[in-house]
Amino acid sequence: MKVTEKIDDMKRLRQPLTEPVGLVPTMGYLHEGHLALVRRAREENISVVVSIFVNPTQFGPREDFNRYPRDPQRDLTLLEKERTDIVFMPSPAEMYPAQFNSWVEIGKVTERLEGASRPGHLRGVATICAKLFNIIQPTKAYFGQKDAQQLVVIKKMVADLNMNLEIVTVPTVREPDGLAMSSRNTYLNPEQRRAAIVLYQALSLAQKLWSQGERDAAKLRQQMTDLICKQPLANIDYISIANAETLDELDRVNTPALVSLAVRISNTRLIDNVVL
Ligand code: PAF
């Protein structure tokens, strides 16, 4: 496994790789969710590149960029075991030199949900992914369904800007009690960790009601809200039932629908979703 921090090196190491090349973009502090992406990339490609970069431009000024968990040595050990070919782990100055001033803005699909709650977040995600795709030139790039809006945005960018790669969606990996795996779960103390399962409980309730025939989105949202409000540590940021492609909010759940939510458990903001 080769490891580089430099863009020029990364481009040089990319040249002799046998196609297809799978890319797994990450912010490090790897868990089983990331490893599922790497394993899928390993299955579907001859060469696998993983990037580790805590991207400052996707964090708001009052968000957790500084305290976001990092453990590059552990990450490298895990990636070696998964037979990764190259790990690209640039510094912020390498990716955003002082004169950097170009941004990728994706339109309407960034306006709601994470886009509304975290201004600039999706612009930062789209910009860093465009940079990684240009540097690494992957055949396919792998993203987890947990960040559903991020996936919609990246797919839209790839289609609209005619980027020459395929985006692969990998199902969310969950803890045994249903909590979606996330590096931010490490912020939770034991009491908060127990409370955090309310996100999955609310999504499961929506799934159950939908499978029993409920198609009224307002009723589904209300039932989810009522359930979450019973958990004293939880504060709802949003609950959405939207068209899974356009992210337009639905009145009736007759098309594939993305049920997504963002909930604060004490100070930790968690997101999760299911598709109906
Ligand atoms: O999902 C993430 O970890 C990040 O948003 C990504 C895609 C690596 C971009 O920084």
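Refer to the preceding data block for the structure.
Our subject in this report is the structure included herewith. (Residues numbered from 1 in each chain as written. Predicted model: local features only at pLDDT ≥ 70, side-chain atom pairs only at ≥ 80, totals over all residues. Heavy atoms only, no water.)

## A word on the site of the ligand
Applicable threshold: If a single non-hydrogen atom of a residue is within 4 Å of a molecule or strand, that residue counts as near it. Pairing of N or O atoms within 3.5 Å defines a polar contact, subject to two protein rules: one partner must be a possible hydrogen donor and the other a possible acceptor, and residues neighboring in sequence count only if both atoms are side-chain atoms. Accessibility throughout is a Shrake-Rupley quantity obtained with a 1.4 Å probe, and a residue counts as covered only by protein chains that appear here.
All residues adjacent to the ligand are Pro25, Thr26, Met27, Asn55, Gln58, Ile128, Phe143, Asp147 and Gln150. Between the ligand and Gln58 there is a distance of 2.6 Å, counted from an oxygen atom to a side-chain nitrogen or oxygen. Here an oxygen atom of the ligand sits 2.7 Å away from a polar atom, N or O, in the side chain of Gln150. Protein contact buries 88% of the 290 Å² of open area that the ligand shows by itself.

## Some remarks on the pairing of strand β2 (residues 21–26)
Inclusion rule: For each residue, the accessible area found with a 1.4 Å probe, counting protein chains only, is set against the maximum for its type, and the residue is called buried under 20%, exposed over 50%, and partly exposed in between. Note on conventions: DSSP H or I runs of at least 4 residues are helices, E runs of at least 2 residues are strands, and numbering of each starts at the N terminus. Pairs of strands are assigned from DSSP output, requiring at least two bridges between the strands. When the strands point away from the viewer, a crossover counts as right-handed if the route from the first strand across the helix to the second turns clockwise.
The buried count for β2 comes to 6 of 6 residues, which makes it a mostly enclosed element. Of the two faces of β2, the one carrying Val21, Leu23 and Pro25 and the one carrying Gly22, Val24 and Thr26 are both buried. Taken together, the 6 bridges between β2 and strand β3 (residues 47–52) define a ladder with parallel strand orientation. Of the residues in β3, the one forming a bridge with Pro25 is Ser51. Once the chain exits β2 it traverses helix α2 (residues 32–44) before rejoining the sheet at β3, and the crossover so formed is right-handed. Here β2 pairs with strand β5 (residues 140–144) via 2 bridges, running parallel. Looking at β5, one finds that Leu23 is bridged to Ala141.

## As for the packing of helix α6 (residues 121–136) against helix α7 (residues 148–160)
Where we set the bar: All axes are obtained by fitting lines to C-alpha atoms, using only the stretch in contact for helices, and the reported angles, taken between N-to-C directions, cover 0 to 180 degrees. In this scheme, roughly parallel covers angles under 35 degrees and roughly antiparallel covers those over 145, while 65 to 115 is roughly perpendicular and the rest are oblique. Helix crossings fall into two classes, left-handed where the near helix is turned counterclockwise from the far one by less than a right angle and right-handed where it is turned clockwise. The contact definition used throughout considers only heavy atoms, calling two residues in contact when any of these lie within 4.5 Å.
The contact between α6 and α7 brings their axes to 10 Å, and the two run at 50°. Of the possible angle classes, the one that applies to α6 and α7 is oblique. Of the two possible hands of crossing, α6 and α7 adopt the one that is right-handed. Note on element contacts: α7 touches α6 through Gln149, Gln150, Val153, Ile154, Met157 and Val158, opposite Leu122, Val125, Ala126, Cys129, Ala130 and Phe133.

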